[in-house]
Amino acid sequence: MMKHMGFTANECIAWLRIVRPGSIIGPQQQYLKDQEARMWDIGSKGVKGLGLDGKKEDFLAPCSNQDSDAKSLDLAQQITKGM
């Protein structure tokens, strides 16, 4: 969804939680946020698959964005509190 359709991580998480409640929790949410910029990048380049080139560190490296990290933390706290 992020790679091919340009969804944000938060939009993907919201959609997945609507169609399959409980499917994205804690670390999975942060992982999606960390991969957002990379997915957009390889999607815009037309890279097939996950663009890993066989390197484990490519797959695990986060793409940090402080503003989106703060929003992600805020959203996680709201969900934890039950909004």
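Numbering of residues starts from 1 in each chain and follows the order in which that chain's sequence is written. It should be noted that, the model being predicted, local features are given only for residues of pLDDT at least 70 and side-chain atom pairs only at 80 or more, the latter also being counted only at that level, while totals for whole chains, interfaces and linings use all residues. Only hydrogens and water are set aside when side-chain values are computed; all heavy atoms of the structure are taken into account.

Undergrad: How should helix α2 (residues 9-19) be read in this particular structure?
TA: Each residue is placed in one exposure class: buried if its accessible area under a 1.4 Å probe, protein chains only, is under 20% of its type's maximum, exposed if it is over 50%, and partly exposed if it falls in between. Here a strand is any run of E in DSSP of at least two residues, a helix any run of H or I of at least four, and the numbering for each starts at the N terminus. The complete set of buried residues in α2 reads A9, C12 and I13. Relative to the axis of α2, the buried residues are bounded by an arc of 100° and lie together on one face. Residue contacts are counted whenever heavy atoms from the two residues lie within 4.5 Å of one another. Where α2 is buried, its residues contact α1 (2-5) and α3 (26-45). By arc we mean the arc of the directions from the helix axis to the C-beta atoms, nothing more.

Undergrad: Sorry, what's going on with the side chain of K3 here?
TA: Along the chain, the position of K3 falls in helix α1. Neither His nor the chain ends is counted toward charge; the positive residues are Lys and Arg and the negative residues Asp and Glu. Any carboxyl oxygen of Asp or Glu within 4 Å of a side-chain nitrogen of Lys or Arg constitutes a salt bridge here. Although buried, K3 forms no salt bridge, and the nearest oppositely charged side chain, D41, lies 11 Å from it. The contact partners of K3, leaving out residues within four places of it in the chain, are M39, I42, G43, V47, K48 and G49.

Undergrad: Honestly, the nonpolar core in this entry has me stumped. Any pointers?
TA: Where a protein is soluble and globular, its nonpolar side chains tend to be buried together. In this structure, M2, A9, C12, I13, I24, L32, M39 and I42 together form the largest nonpolar core, which totals 8 residues. Breaking this core down by element, the ones donating at least two residues are α2 and α3. With near-sequence residues (within four places) excluded, M2 lies in contact with F7, T8, A9, C12, L32, E36, M39 and W40. Residues belong to one nonpolar core when they are buried, are Ala, Val, Leu, Ile, Met, Phe, Trp, Tyr or Cys, and are joined through side-chain atoms within 4.5 Å.

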